[in-house]
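Here is how the chains run, residue by residue.
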Amino acid sequence: MKFLFLKKSSTRFYSNACLALALTASLLLHDVTARARLIEPPMRSSYWREGVPEAAVNSHDELLNCGGYEYQWTRGKGKCGACGDRFDGFLENEYPGKYSMVPPQRVYTSGGEMNVTVYTNANMLGYFVFRLCTSRDGPHLLDLNECFTRMNPLIIKETKTDRYYPGSKKGFHDLHVILPKTDCDQCILQWTYVTGYREHSPKPNCEACLGCGPQETYVNCADISILREGATSVTDPESVPPARPIITTTTTTTISTTRRPAASTTTPRSTTSQLTRPASTPKTTTRAPDSPASCSPMAPHVVCEPRGIHKLIAEMDTWCLRTCQSGRCRADFCSCYCKYPTYKIYIEPAAFDYIASLKHPSSAAAVPSMTPMSSKHLCYKATPLWSKTPGLNGWCSYNCPSEWCEDMCSLQVCP
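Keep in mind it's a predicted model, so treat the numbers as computed, not measured.

## Some points on the sheet that holds strand β16 (residues 377-382)
Adjacent strands of a sheet form backbone hydrogen bonds with each other and so pair up, either parallel or antiparallel.
Then step 1. Pairing is mixed across the open sheet formed by 5 strands, whose spatial order is β13-β14-β15-β17-β16. Sheet topology places β13 (302-306) and β16 at the edges, where each strand pairs with a single neighbour. This sheet shows a mean twist of 35° between the axes of neighbouring strands, independent of strand direction.
Then step 2. Contacts from helix α4 (residues 316-325) reach β13 and β14 (334-339) within the one sheet, and its direction differs from that of β13 by about 120°.

## Considering a nonpolar patch on the surface
Then step 1. A contiguous nonpolar surface patch, about 320 Å² in accessible area, is contributed by Y95, M101 and L142.
Then step 2. Relative accessible area serves as the criterion here: at 46%, M101 is assigned to the partly exposed category.

## What about the packing of aromatic side chains?
Then step 1. Taken as a whole and assessed by the stated rule, the structure comprises 11 aromatic pairs.
Then step 2. The interplanar angle of 55° and the centroid separation of 6.3 Å between the aromatic rings of Y71 and F87 together place this pair among those described as tilted. Of this pair, Y71 sits in helix α2 (residues 69-75) while F87 sits in the loop between α2 and β2 (106-109), and the two are 16 residues apart along the sequence.
Then step 3. Here F87 falls in the partly exposed class, since its relative accessible area comes to 28%.
Then step 4. With 4.8 Å between their ring centres and 90° between their planes, F128 and Y193 make a pair best called edge-to-face. On the criterion of sequence distance, the pair formed by F128 in strand β4 (residues 127-133) and Y193 in strand β7 (residues 184-194) is long-range, its members being 65 residues apart.
Then step 5. The structure contains a cluster of three or more aromatic residues connected by ring pairs, namely F128, Y164, W191, Y193 and Y218.
Then step 6. One Lys or Arg, R86, reaches over the ring of Y71 and ends 4.2 Å from the middle of that ring.
Then step 7. One Lys or Arg, R198, reaches over the ring of Y69 and ends 3.6 Å from the middle of that ring.

## So, the side chain of S335
Then step 1. Relative to the assigned elements, S335 resides in strand β14.
Then step 2. Apart from the residues within four sequence positions on either side, S335 is in contact with V303, C304, E305, R307 and Y346.

## Quick notes on helix α5 (residues 349-357)
For an α-helix, 3.6 residues make a turn, and residues three or four places apart therefore share a direction.
Then step 1. Looking only at α5, the buried set comprises A351, F352, Y354 and I355. Down the axis, α5 shows its buried residues gathered within 160° of arc, on one side only.

## Section: the state of the cysteines
Then step 1. Using the criterion set out here, one finds 10 disulfides in the structure.
Then step 2. Paired by a disulfide, C295 and C338 hold their sulfur atoms 2.0 Å apart. Between C295 and C338 the sulfur-sulfur dihedral comes to about 85°; the bridge is accordingly right-handed. Of this pair, C295 sits in the loop between β12 (257-259) and β13 while C338 sits in strand β14, placing them 43 residues apart in sequence.

Conventions used here
Residues numbered from 1 in each chain as written. Predicted model: local features only at pLDDT ≥ 70, side-chain atom pairs only at ≥ 80, totals over all residues. Heavy atoms only, no water. Pairing = 2+ DSSP bridges. Helix = DSSP H or I, 4+ residues; strand = E, 2+ residues; numbered from the N terminus. Axes fitted to C-alpha atoms, helices over the stretch in contact; angles between N-to-C directions. Contact = heavy atoms within 4.5 Å. Patch = residues over 30% accessible without salt bridge, like charges linked within 9 Å, V, L, I, M, F, W, Y side chains within 5 Å. Areas by Shrake-Rupley, 256 points an atom, 1.4 Å probe, with all protein chains shown as cover. Salt bridge = Lys/Arg side-chain N within 4 Å of Asp/Glu carboxyl O. Buried < 20%, exposed > 50% of the residue type's maximum accessible area, 1.4 Å probe, protein only. Phe/Tyr/Trp six-rings, centres within 6.5 Å; stacked < 30°, edge-to-face > 60°. Lys NZ or Arg CZ within 6 Å of the ring centre and 35° of its normal. Arc of directions from axis to C-beta. Disulfide = S-S within 2.5 Å.

Set out below in structure tokens:
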């Protein structure tokens, strides 16, 4: 009887090959099942969901992703239609496409805040960007992409930047976009979602990082009107249809509706399709509803757990908590975090060492140093996995602690 023996190098090769195949299969499955779309204001391919009688039906309105990752980056070299269509196909969401023929469905005030709701059905990481074209596409404006790129991205209230990071949570994302000081009868809002679940090298000969390089991209366009401050109607009243039901960001189990301009009136929504919102969804997704206390190594809601094989040792969690809070935290032994009702914020071991090194650790525990009091202080920053993502440190600093930063941010020591 003959036996086949494999060398360690061969075993390692087959193991790596299997891992590569598993990752490839996972990404392909992700591309097939992932969905995302702009809900409020409604985008062009979704006007039929609002009950607009003249709107063409697009049952695949959650798949405006430039034709998919492979199509966009292999065939198109990154190109995409201005509203999410394939770059070399018929642009049905741009003039004269069948989804671009409906007049604006929302009216806003110049310089005001625009409530925005985005829905994603999968964990795709990445970030949102919003742009505005102050002209309607048509015979006089055929290059809609050029109009969008000519304008600076809009500022998002929750992040105070032009990017919003949805984190690893799926579902509804409610935020507020600051409109510029302009007015237009027919403007076009562009929502771009650059996902971040693929790993690439940002530059040649550089280490690959999650969210770097080419990513699957979703793009939607919504038609809106912007009134100058103090105005009561648009220049051409016929260009905007009568008031229709709109989505509001409430915490009820289904998306409630109101009518404009009488914002206080509520009516049942009659649409072909309706999404269900979890009852626990907060009105603003970047802040927890109960205004949670800041995370601190000495806070009463800190929990430490053993890692790996150390989980088999009795009462190891108590040992981890006591050891870490005394300034001798071992990352290979313990993992600590601030525990909140629906999420957790991890604490880097260096944060425990910093607090323990202070002359008066008790006072440091009572008032966590979240602002610089010396050369160093505690702060929320991107975890090592996300440290190369542009702008994420500022996002963590502004939004944590909240459920949206659980997997991307942690409590660290900042210089």
